[in-house]
Amino acid sequence: MENLTGRLLVAVPREAQEVAEDDVFDRSVVLLLDHSDQGAHGIVLNRPLDAGVDAVLPGWQEHVTSPDHLFQGGPVGLDSALGLVSMPGDDETIGLKRLFRGVGLVDLDAPPLVVMPEIAALRIYAGHAGWGAGQLEGELRDGHWYVVDAEAADAFSQRPERLWEQVLRRAGGVAAWSLTFPDDPAMN
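Keep in mind that what you see is a predicted model, and the values were worked out from it rather than measured. (Residues numbered from 1 in each chain as written. Predicted model: local features only at pLDDT ≥ 70, side-chain atom pairs only at ≥ 80, totals over all residues. Heavy atoms only, no water.)

*Asks:* When you look at the environment of G102 in this model, what are you seeing that I'm missing?
*Replies:* Structurally, G102 can be placed in the loop between β7 (96–100) and β8 (103–106). Taking the C-alpha atoms as reference points, G102 and V85, 17 residues apart in sequence, are found 8.2 Å from one another. With residues near it in sequence (within four places) discarded, G102 still touches V85, S86 and M87. (Helix = DSSP H or I, 4+ residues; strand = E, 2+ residues; numbered from the N terminus. Contact = heavy atoms within 4.5 Å.)

The structure is reproduced here in structure tokens:
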């Protein structure tokens, strides 16, 4: 399978009875930060929490991109935080690690005033999504995800609650058609 680093996984809609109440992947958009033979990990982009960033990372609240909430990046490692950033230009500086294109991670132990001049956008995530070797490939074969090219604005959407619909519409074809899938097919 091709390397999917930097692409989006967009959840295929499921019937309401198939979805657990706390299922972070229901109608989710996941940006894959790394994909290899050893597995994959990424960040769910469209799950803002009812918590400010300062509740877990004092000093960062004023620097995050709107909406200025903490986001749930996935079900793994909820006691850790990742700072996803948009990095214009090609330079890497102390406290920033470029992953692909203009997307990188910020060292949240660095003072915000040191790294912020190099950042165009910032979002803080509690936890991440992870797959073991072959697990994501199995989910793709089973039809659980659409793979869609990411756009620069996806990771820092001003309306993350609409991101799933926007990405599916942009993808076109069967993915866009799936927007018409009702939560309860009996109501169709």
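Additional details are given in the paragraphs that follow.
*Asks:* Teacher, can you tell me more about the packing of aromatic side chains here?
*Replies:* Each aromatic ring pair is specified by the distance between its two centres and by the angle formed by the two planes. Within this structure, the stated rule accounts for four aromatic pairs. Taking 6.2 Å as the distance between ring centres and 40° as the angle between the ring planes, the aromatic pair formed by F25 and W131 counts as tilted. Remark: W131 occurs in strand β9 (residues 121–132) and F25 occurs in the loop between β1 (7–11) and β2 (29–36); sequence separation between them is 106 residues. Since its relative accessible area comes to 6%, W131 is described here as buried. Aromatic pair W131 and W145: ring centres 6.3 Å apart, planes at 80°, arrangement edge-to-face. Taken together, the positions of W131 in strand β9 and W145 in strand β10 (residues 145–149) put the pair 14 residues apart, joining distant regions of the chain. Within the aromatic cluster, the residues linked to one another by ring pairs are F25, W131 and W145. (Phe/Tyr/Trp six-rings, centres within 6.5 Å; stacked < 30°, edge-to-face > 60°. Buried < 20%, exposed > 50% of the residue type's maximum accessible area, 1.4 Å probe, protein only.)

*Asks:* Looking at this structure, I do not really get the pairing of β9. What am I missing?
*Replies:* When a strand is regular, its side chains alternate between the sheet's two faces. The buried count for β9 comes to nine of twelve residues, which makes it a mostly enclosed element. Where strand β3 (residues 39–44) and β9 come together, four bridges link them in antiparallel fashion. Its bridge partner lying in β9, G42 is registered against A129. With two bridges joining them, strand β5 (residues 69–72) and β9 adopt parallel strand pairing. Directly across from F71, in β9, lies its bridge partner Y125. Sheet topology places strand β6 (residues 76–86) next to β9; seven bridges connect them, and they run antiparallel. Paired with L84 across the two strands is R123, which belongs to β9. (Pairing = 2+ DSSP bridges.)

*Asks:* Looking at this structure, how should I read the nonpolar core?
*Replies:* One broad trend across soluble globular proteins is that nonpolar side chains are buried collectively. Judged by nonpolar contacts, the single largest core of 36 residues is most densely connected at V10, L31, L45, L84 and W131. Secondary structure elements with two or more residues in this core: β1, β2, β3, β9, α2 (135–141), β10 and α3 (163–171). Among the elements that take part in this core, β2 stands out by supplying five residues, more than any other. Beyond its immediate stretch of four places on either side in the chain, L31 contacts G6, R7, L8, G42, I43, L45, L84, F100, V103, A150 and A155. Counting residues in each nonpolar core, the second largest holds 17 residues, with M116, I119, L122 and A126 among its members. (Core = buried A, V, L, I, M, F, W, Y, C linked by side-chain atoms within 4.5 Å.)

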